[in-house]
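These are the residues of each chain, in order.
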Amino acid sequence: MSEKETALLAKVPTGLYINGEWRMAVSRKTLPVFDPATGLELTRIADAGVEDGAAALDAAVAAQDSWAKTPPRQRGELLRRAFDLLQERKDEFALLMTIEMGKPLAEAYGEVAYGGEFLRWFSEEAVRISGRYGLTPEGTGHMVVSQRPVGPCFLITPWNFPLAMATRKIAPALAAGCTLVVKPAELTPLTTLYFVKLLEEVGLPAGVVNVITTSESSTVSAPIIADPRLRKLSFTGSTGVGQRLIAQSATGVLRTSMELGGNAPFVVFEDADLDKAVEGAMLAKFRNIGQACTAANRFIVHESIAPEFARRVAERVAALKIGRGTEEGVTIGPLVNEAAVESTDAMVQDAIDRGATLLIGGTRPEGPGSFYEPTVLSGVPAGSRLLSEEIFGPLVGVTTFSDEAEAVRLANSTEYGLIGYVFTTDLARGQRMIDSIDTGMMGLNTGLVSNAAAPFGGVKQSGLGREGGLEGIHEYLSTKYTLIPVS
């Protein structure tokens with residue numbers, strides 16, 4: 001590590017943050033955090049147990065009433081101060097994400113900007129929580145409809161976007177008047193710890209936000225979810241884990257937000273602007289080294305242009321530079337761990353064994369770190385794993401279609417429905433795709449759609465609820481109706 005990296009890590013808290021205090025785990029156990037580019041240990045942090053999780057929820061419950069009564073303007077101004085301070089420290093947050101997660105530094109700066117926007121957006125939404133008032137149709141009384149904070153929340157964030165996934169959940173919860181316990185992923189907890197320290201600095205009251213890090217996620221989370229005082233569960237991660245969490249939350253009839261797996265189709269019609277389609281493919285696939293639920297997964301390209309599309313993408317991929325994300329010019333960092341490398345390679349070999357053609361990549365570079373070469377396969381046949389499973393790696397697999405109906409059938413032939421991408425210059429066809437493809441989000445002639453002002457979420461087994469946009473704050477509010485009789 002460089003001196004700069006060592007100095008930054010020295011600023012990052014290594015304890016649990018409970019009721020406004022940084023503390024060790026009750027057991028005093030710690031867990032290591034590694035740099036995926038080198039395999040070396042970065043630091044050790046507190047490893048929470050069940051008692052620590054209970055203490056964190058106790059703190060959130062105790063602070064709920066006073067935080068809910070805090071004027072919306074004050075809540076909003078606190079979030080705005082957090083946004084401003086994050087901008088001042090963007091260099092530190094970008095570097096921290098790069099060394100703990102692996103993404104290239106330029107992309108880490110992009111995540112700081114994106115993650116910060118949730119703080120700014122919801123600082124503005126805090127003062128726009130509204131209701132309605134009106135006479136009943138019969139004229140017998142007045143209806144008052146109001147919005148109230150749902151109550152203490154448990155937020156579970158993933159490893160791939162350690163800042164943006166934290167702010168996307170924490171900001172609307174705070175804006176709505178909810179207290180919370182946040183559990184970042186074991187693989188990339190440092191960014192969340194540093195962000196919570198930032199919230200402490202801008203004046204967040206004790207107990208409003210609590211953070212626990214643990215190597216025993218299910219063991220620590222289960223009692224929190226089962227506690228009748230908890231009123232909201234938000235999770236971003238795999239569909240399998242999400243399904244188990246939904247089952248656990250059923251006992252308490254919790255409000256749930258689930259942003260789960262994806263299997264995004266990237267459909268390119270014969271009339272598409274091929275330059276835009278290739279550029280969109282590079283954005284939709286290789287952002288975050290392919291480790292994103294919004295990453296294009298299945299490249300469904302019209303048979304008349306598929307060879308040229310695949311050739312152009314492979315040509316662009318050949319120019320990508322692999323290395324540690326802090327190095328000059330690096331565009332592809334490491335995958336998050338060895339298991340991710342093995343999973344990606346297994347999908348590549350499965351497709352090749354079934355008859356796909358390898359155009360570039362397909363191997364692991366020599367040396368330390370969990371790297372995998374960006375890979376392009378053409379002629380991927382039906383039944384290949386990469387057409388049905390979420391890839392989470394730098395792998396493009398091109399398959400073909402012959403007409404619009406087949407394109408729609410292939411795009412929808414999955415239990416997932418998070419996002420789809422369509423490239424066509426025919427506006428009528430584009431509208432038909434918007435209406436026909438079963439996803440919660442869609443990019444029409446673009447490979448990047450995420451925006452704090454837009455509702456993020458999917459359908460089918462890609463999840464429940466929406467994050468961001470006007471819709472995002474309502475995930476943390478409950479509706480109350482009051483009738484006042486006409487005297």
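Residues numbered from 1 in each chain as written. Predicted model: local features only at pLDDT ≥ 70, side-chain atom pairs only at ≥ 80, totals over all residues. Heavy atoms only, no water.

**Q** Looking at this model, I keep getting lost on the overall build of the chain. Mind explaining?
**A** For the chain, the count of helices and strands is 15 helices and 20 strands. A globule of 487 residues ought to have a C-alpha radius of gyration of about 23 Å, and the chain, at 23 Å, matches this closely. For the chain, the spread of C-alpha atoms along the three principal axes comes to 70 × 65 × 40 Å. Of all 487 residues assigned to the chain, the portion counted as buried reaches 55%. Taking as baseline every contact in the chain between residues at least 6 positions apart, the subset at least 24 positions apart corresponds to 73%. Of the roughly 18900 Å² of accessible surface on the chain, a fraction of 53% belongs to carbon and sulfur atoms. In the chain, which carries 45 positive and 57 negative side-chain charges, the distance between the mean positions of the two groups comes to 6 Å. (Helix = DSSP H or I, 4+ residues; strand = E, 2+ residues; numbered from the N terminus. Rg over C-alpha atoms; globule rule 2.2 N^0.38 Å. Buried < 20%, exposed > 50% of the residue type's maximum accessible area, 1.4 Å probe, protein only. Contact = heavy atoms within 4.5 Å. Areas by Shrake-Rupley, 256 points an atom, 1.4 Å probe, with all protein chains shown as cover. Lys, Arg positive; Asp, Glu negative; His and termini not counted. Charge placed at Lys NZ, Arg CZ, Asp CG, Glu CD.)

**Q** Teacher, can you tell me more about the nonpolar core here?
**A** Generally speaking, soluble globular proteins have nonpolar side chains that are buried together. Among the nonpolar cores identified, the biggest contains 116 residues, and I170, F266 and F309 are the most heavily contacted of them. Per-element accounting of this core gives the leading share, nine residues, to helix 6 (residues 164-176). Sequence-distant contacts of F309, defined by excluding residues within four places in its chain, comprise F266, V268, L274, A277, V278, A281, F299, V301 and V398. Ranked by size, the runner-up nonpolar core spans 23 residues in total, among them I18, I225, L230 and L260. (Core = buried A, V, L, I, M, F, W, Y, C linked by side-chain atoms within 4.5 Å.)

**Q** What should I look at first to understand the sheet that holds strand 12 (residues 264-268) in this one?
**A** Either a parallel or an antiparallel arrangement is found when strands of a sheet pair, and the pairing is made through backbone hydrogen bonds. Strand order in this open sheet of seven strands is 14-15-16-13-12-17-18, and the pairing throughout is mixed. For this open sheet the edge positions go to strand 14 (357-360) and strand 18 (441-444), each flanked by a neighbour on one side alone. On average, each strand axis in the sheet is inclined to that of its neighbour by 25°, with strand direction left out of account. Here helix 14 (residues 427-436) sits on the sheet in contact with strand 17 (419-423) and strand 18, set at roughly 165° to strand 18. (Pairing = 2+ DSSP bridges. Axes fitted to C-alpha atoms, helices over the stretch in contact; angles between N-to-C directions.)

**Q** Explanation requested: the sheet that holds strand 20 (residues 477-485) in the structure shown.
**A** The strand order across the open sheet built from three strands is 5-6-20, with neighbouring strands paired in antiparallel fashion. Where the open sheet ends on each side, the last strands, each with one partner, are strand 5 (132-135) and strand 20. Direction aside, neighbouring strands of the sheet carry axes that sit 20° apart on average. Summarising the sheet, strand 6 (residues 141-149) and strand 20 pair through nine bridges and their orientation is antiparallel. Bridge pairing links H142 to I484 in strand 20.

**Q** What should I look at first to understand unusual backbone geometry in this one?
**A** Even without glycine at this site, I289 takes up a positive phi of about 65°. Judged by relative accessible area, I289 falls into the buried class, the value being 1%. In this structure, N445 takes a positive phi of about 65° despite not being glycine. You can see N445 is positioned in the loop between strand 18 and strand 19 (463-464).

**Q** Just checking my understanding: could you explain helix 4 (residues 90-101) for this structure?
**A** Each turn of an α-helix holds 3.6 residues, which means side chains three or four residues apart point in the same direction. Look at helix 4: 16 Å from first C-alpha to last across 12 residues, which is about the 16 Å you get at 1.5 Å a residue. Among the 12 residues of helix 4, 10 are classified as buried, and the element is accordingly described as predominantly covered. Every buried residue of helix 4 is accounted for by E92, F93, A94, L95, L96, M97, T98, I99, E100 and M101. Buried residues along helix 4 sit in contact with helix 1 (3-11), strand 3 (30-34), strand 4 (41-46), helix 3 (72-88), helix 5 (105-125) and helix 7 (190-201). Just past helix 4, the residue G102 takes up positive phi, approximately 110°. (Expected span 1.5 Å × (residues − 1).)

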